[in-house]
Amino acid sequence: MSNTNLPVLLLRNMVLFPFSEIRLEFDELEDKQLLSLAEAYYGNEILVVIPLDLLEEDPDINELPKCGVVGFIKMKMDMPNGKTRVTIEGKSRVKVKTYTKEENLVEANIDYSQKEVLPENKELAYIRTLTKELDVYTNEVPTMSNTLLPTILSLRTLTKVTDIMALTLPGTFSRKVEYIGEMSSITRAEMLLDDMKQDLEILKIEQEIENKLTKKLDKEQKDYILRERIQLIKEELGDVIDKDTEIEELRAHIQSCACSVKAKNRLLLELSRYEVMNPNSPEMGTIKNYIDILLSLPWGNYTTDCEDLNIVKSRLDNTHYGLDQVKTRILEYLAVKQNTKGLRSPIICLVGPPGVGKTSLAASIAISLGRNFTKISVGGVSDEAEIVGHRRTYIGSAPGLIIQGMKKAGTNNPVFIIDEIDKMTKDIKGDPASALLEVLDPEQNHAFVDHYIEEEYDLSKVMFITTANYLYQIPEALRDRLEIVELSSYTEYEKQDIAYKHLIPKQLEEHGLKKEDVAFTEGVILTLIRNYTKEAGVRELERMIATILRKIVKEHIITGKQDIYEITDYNLEKYLGKKKFIYNESEIFGSVGVVNGLAYTPCGGDILPIEATFYPGKGQLILTGSLGDVMKESATLSLSYIKSHADEFHIDASILVNNDIHIHVPEGAVPKDGPSAGVTITSTLLSLLTNTKVHTNIGMTGEMTLRGKVLPIGGLKEKVIGAHRGGIRKIFIPRINEKDLDSIPEEVKSEIKFILVDNYMDIYRELFNKFKRKSMSNNKELIQLPLN
């Protein structure tokens, strides 16, 4: 039975007809909640309504139209960029009795009127008339597709014929809205006949006008008139420049240019060609563009670096919290440069997860040094010509991104930011990473040659700063030329300091509020970080703060309230809704066959629980959870290790032979891979096969060999920070990674017990071996492991 009450979707930029589909993308939270509500409670049905005032953001429900189209959500997909993509199928046109609104949800009480019943002869007559008129219309209108007519011929109901024709025929948006609002199929048929007739009349008049103009003007007369008109317009605007005057100005500019002698001779040669060239030649514009680009480059134009190290340090500290390693490197560079009066600029690569401030820090370095800065992004670039330019023999050729960036910078020693160097791709068009080698190599970039300008350009004074998310994705040859500086995830307390010192003051200013207008109580930012964001940096945190301030500004404007707005843990849901992330709410003592691993994701560190179960079978190993090849090998190795030590682990070997083992890593839609899950998978299998629970507050990370040796891992700081956030208080790590503990913040390290291991047996003795248990083949005895 159809719903008589449906949630309302206001559609402003397109029209949904019955018997058709539309595809939409939503990024607003209210729209996503509306779709989820329709899925959960309304059988995937939703009422699509076009408001009368398309510019009104929040229309009054009394002003909404009394007619809409019931839509069925055929497909809904959450995209990686945060948007939700849906396909909605139009079902039927319905009348609206009443609208009701609760918070941001508008609901309509609709009337499924009885199906329109027409006399068979009358309905057939209208369909035939529409078909004949459509045949004439298709033949007369050149832009009209001839695929509509066969579709119409196969239909037998006037309602469906009129809706499909109204959707397909050209027409204005407002006219299509009129079709939606008309309940009678006969009236819609008459509207269609009128529209097609009117279009044919207009087309006939247009053809008559065109024929008259064609007869009156031939091509030469038309060209002459157009040129005369253009000349008159330029004279009126004062844009007419004598070519001789233009050439003299260009020659003077070339003589005063600080470029090399070779480049200057090349410019003069091109200018001579330009001077004698026919104005109608298509190559004339190409030569002029080439001369203009070379003259626009900042040959010999330099800025002076700020030499007061205290001022530089102060500027960097004012814009970015922490990040001491890269700040120290910049100060060292300036100090040595002052001491030697000449030093090659370092080529720094800032590596870290998204949102930790890589690009903004590079811009702040330029401002602190007093240099101009420019930025390009090479993420997704697959053509090396994008880096080194296209040769002028190609149509539409242009300089590469490096030369374009220097042109924008305006000086010859800017800070040049190259973003996302780990996301370049290699295909048939070349390898852009190899093209960057010449740019970033100090031994070569003093004579960089772009394929478009074909002359040497000095890049040796440029300070290149590159950014990347994953160090291992940077090609080895390119990585060798970079000075790697890793920017790790912020801790919760660092984010809290950043919020109070930088984000809140910045957002208050952007929203026209004063510090006295809004008060964030102590601890509320920490709640915001833990329960509403999940990231390595602070981008989402800044968005959440902006969301709160927007709602405050809106409330202030509507109510005129002048009081201080206090944001606390108790009213945070009023501004941001229910908590998005809740950590460590699993069973307090865990489950058999579940052990927490540690993962390094694009959002920083996180907990990665691994599950296992077994059931009668033939000893097969089943792996699920979108695992990569490395993790699949780790699972196979772990099972082999347990089989080879079954007696030591007090496991009945027949269990491994007569049962299939299934290992799963939750969130199967998210690909997972990496060499650090070996010990976790082994512990998960032992927990399962020995019927032992492992405490949820215990985590571990490390890869292991077939002999049980635990190998070192990367990203320990991020993993530990993520584990601490999720409530982990005891972590097993490879002993070789003991040196990495120094990089972990004290406030995190003080609350976690670290156990260093060389061999997996160290973990086994700590978790399993010191408790008595009975064999799985006999009576099962459940063992609970304590936290300490």
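Because the structure is predicted, anything quoted here is derived from the model rather than measured. (Residues numbered from 1 in each chain as written. Predicted model: local features only at pLDDT ≥ 70, side-chain atom pairs only at ≥ 80, totals over all residues. Heavy atoms only, no water.)

1. Things to note about the overall build of the protein chain
In terms of regular secondary structure, the protein chain is built from 27 helices and 26 strands. Whereas a compact globule of 788 residues would reach a radius of gyration of roughly 28 Å, the protein chain reaches 35 Å, over 25% beyond that. For the C-alpha atoms alone, the extent of the protein chain along its principal axes is close to 105 × 90 × 65 Å. Taken across its 788 residues, the protein chain has 46% of its residues classed as buried. Restricting the contact set of the protein chain to residue pairs at least 6 apart, pairs at least 24 apart contribute 74%. (Helix = DSSP H or I, 4+ residues; strand = E, 2+ residues; numbered from the N terminus. Rg over C-alpha atoms; globule rule 2.2 N^0.38 Å. Buried < 20%, exposed > 50% of the residue type's maximum accessible area, 1.4 Å probe, protein only. Contact = heavy atoms within 4.5 Å.)

2. What to know about helix 5 (residues 173–181)
Those residues of helix 5 that sit buried are Lys 176, Tyr 179 and Ile 180. The buried side chains of helix 5 occupy one side of the element, clustering within an arc of 100° when seen end-on. (Arc of directions from axis to C-beta.)

3. Overview of the nonpolar core
Core analysis: the biggest nonpolar cluster contains 52 residues, and Ile 402, Ile 418 and Ile 421 have the highest contact counts within it. With seven residues, helix 10 (residues 283–296) is the largest single contributor of residues to this core. Those residues in contact with Ile 402, other than ones at most four positions away along the chain, are Ile 376, Ile 387, Phe 416, Ile 418, Leu 436, Val 439, Phe 448 and Leu 459. (Core = buried A, V, L, I, M, F, W, Y, C linked by side-chain atoms within 4.5 Å.)

4. Considerations on the sheet that holds strand 13 (residues 483–486)
The five strands are arranged 8-9-12-7-13 in an open sheet whose pairing can be described as parallel. The open sheet has two edge strands, strand 8 (373–377) and strand 13, and neither has a second partner. Direction aside, neighbouring strands of the sheet carry axes that sit 20° apart on average. Examined bridge by bridge, strand 8 and strand 9 (residues 415–419) share five bridges and lie parallel to one another. Residue pairing in the sheet places Phe 373 in a bridge with Val 415 of strand 9. (Pairing = 2+ DSSP bridges. Axes fitted to C-alpha atoms, helices over the stretch in contact; angles between N-to-C directions.)

5. Focus: the side chain of Arg 371
By the element assignment, Arg 371 lies in the loop between helix 13 (358–369) and strand 8. There is a polar contact of 2.7 Å between the side chain of Arg 371 and the side chain of Asp 305. (Polar contact = N/O pair within 3.5 Å; in protein donor to acceptor, adjacent residues only side chain to side chain.)

6. Details of the side chain of Arg 266
Assignment of secondary structure puts Arg 266 in helix 9 (residues 261–276). Among the polar contacts made by the side chain of Arg 266, one reaches the side chain of Glu 455 at a distance of 3.3 Å. Residues in contact with Arg 266, not counting those within four places in the same chain, are Tyr 290, Arg 392, Glu 454 and Glu 455.

7. Describing the pattern of salt bridges
A side chain of one charge can pair with a side chain of the opposite charge when the charged atoms of the two come close. On inspection of all chains with the given rule, the structure shows 32 salt bridges. One salt bridge connects Glu 455 with Arg 266, and the closest N-O pair in it is separated by 3.3 Å. Here the residue Glu 455 occupies a position in the loop between strand 10 (448–449) and strand 11 (456–457), and Arg 266 occupies one in helix 9, the gap between them amounting to 189 residues. Here Glu 455 matches Arg 266 in class, with each residue buried. For Lys 506, the salt bridge identified is with Glu 542, shortest N-O distance 3.1 Å. Residue Lys 506 is found in helix 18 (residues 492–510), and its partner Glu 542 is found in helix 20 (residues 539–559); the two are separated by 36 residues along the sequence. Among the charged side chains, a salt-bridge network with shared partners connects Arg 266, Glu 270, Arg 273, Arg 392, Glu 454 and Glu 455. (Salt bridge = Lys/Arg side-chain N within 4 Å of Asp/Glu carboxyl O.)

8. What about unusual backbone geometry?
Located in the positive-phi region is Glu 420, a residue other than glycine, with phi close to 60°. Looking at where Glu 420 falls in the secondary structure, it is placed in the loop between strand 9 and helix 16 (432–440). The phi dihedral of His 650 falls on the positive side, at around 60°, and the residue is not glycine. Judged by relative accessible area, His 650 falls into the partly exposed class, the value being 47%.

9. Observations regarding the packing of helix 2 (residues 120–140) against helix 4 (residues 158–168)
Viewed as axis vectors pointing N to C, helix 2 and helix 4 meet at an angle of 25°, and their least axial separation amounts to 10 Å. Accordingly, the angle class assigned to the pair helix 2 and helix 4 is roughly parallel. Judged by the twist between their axes, the crossing of helix 2 over helix 4 is left-handed. Contacts from Glu 123, Tyr 126, Ile 127, Leu 130 and Leu 134 in helix 2 reach Leu 158, Val 161, Thr 162 and Met 165 in helix 4. In the contact of helix 2 with helix 4, the residues fall into seven nonpolar, one polar and one charged. (Parallel < 35°, antiparallel > 145°, perpendicular 65-115°, else oblique. Left-handed = near helix turned anticlockwise from the far one by under 90°. Nonpolar A, V, L, I, M, F, W, Y, C, P; charged D, E, K, R; others polar.)

10. Topic: the packing of aromatic side chains
Tallied over the entire structure, the rule returns seven aromatic pairs. Pairing Tyr 290 with Tyr 452 gives two aromatic rings, centres 5.9 Å apart and planes at 55°, and the pair type is tilted. Within this pair, whereas Tyr 290 is found in helix 10, its partner Tyr 452 is found in the loop between strand 10 and strand 11, the two being separated by 162 residues in sequence. No difference in accessibility class separates Tyr 290 from Tyr 452, as the two residues are buried. By the ring-pair criterion, three or more aromatic residues cluster together here, those being Tyr 641, Phe 649, Tyr 760, Tyr 764 and Phe 768. Across the ring face of Tyr 179, the terminal group of Arg 175 is positioned such that the distance to the ring centre comes to 5.4 Å. (Phe/Tyr/Trp six-rings, centres within 6.5 Å; stacked < 30°, edge-to-face > 60°. Lys NZ or Arg CZ within 6 Å of the ring centre and 35° of its normal.)

11. Describing a negative patch on the surface
There is a patch of like negative charges on the surface, built from Asp 27, Glu 28, Glu 30, Asp 53, Glu 56, Glu 57, Asp 60 and Glu 63. As for its placement among the helices and strands, Asp 60 is situated in the loop between strand 3 (45–49) and strand 4 (67–78). (Patch = residues over 30% accessible without salt bridge, like charges linked within 9 Å, V, L, I, M, F, W, Y side chains within 5 Å. Areas by Shrake-Rupley, 256 points an atom, 1.4 Å probe, with all protein chains shown as cover. Lys, Arg positive; Asp, Glu negative; His and termini not counted. Charge placed at Lys NZ, Arg CZ, Asp CG, Glu CD.)

12. A word on helix 25 (residues 716–725)
Within helix 25, ten of the ten residues are buried, which leaves it mostly tucked inside the rest of the structure. Here helix 25 has its buried residues at Leu 716, Lys 717, Glu 718, Lys 719, Val 720, Ile 721, Gly 722, Ala 723, His 724 and Arg 725.

13. As for the pairing of strand 2 (residues 21–26)
Residues Ile 22, Leu 24 and Phe 26 line the buried face of strand 2, whereas the alternating positions Glu 21, Arg 23 and Glu 25 sit on a face that is not buried. Note that strand 2 and strand 5 (residues 84–102) share six bridges and pair antiparallel. Each residue of the ladder has a partner; that of Ile 22, found in strand 5, is Ile 88.

14. Some details on the environment of Ile 752
Mapped onto the secondary structure, Ile 752 falls in the loop between helix 26 (746–749) and strand 25 (753–757). Overall, the relative accessible area of 7% leaves Ile 752 in the buried class. Note: C-alpha distance between Ile 752 and Ile 698 (54 residues apart in sequence) is 9.8 Å. Once you skip the residues sitting within four places of it in the chain, Ile 752 turns out to touch Val 720, His 724, Ile 728, Arg 729, Lys 730 and Ile 731.

15. A short note on the packing of helix 19 (residues 524–532) against helix 20
Their axes nearest at 10 Å, the elements helix 19 and helix 20 cross at an angle of 120°. By the angle between their directions, the pair helix 19 and helix 20 is classed as oblique. Of the two possible hands of crossing, helix 19 and helix 20 adopt the one that is right-handed. Counting all contacts with helix 19, which are made through Leu 528, Ile 529 and Tyr 532, the residues of helix 20 involved are Glu 540, Leu 541, Met 544 and Ile 545. When grouped by side-chain class, the residues that make up the contact of helix 19 with helix 20 number six nonpolar, no polar and one charged.

16. Some remarks on the confidence of the model for the protein chain
In the predicted model, the protein chain carries a mean pLDDT of 83, and the fraction of residues at 70 or more is 92%. The spread of mean pLDDT over the elements of the protein chain runs between strand 26 (residues 783–784), the lowest at 40, and strand 24 (residues 730–734), the highest at 94. In this model residues 771–788 is a low-confidence stretch, pLDDT under 50, and it forms 44 contacts with partners more than four residues away in sequence or in other chains. (pLDDT = per-residue confidence, 0-100.)

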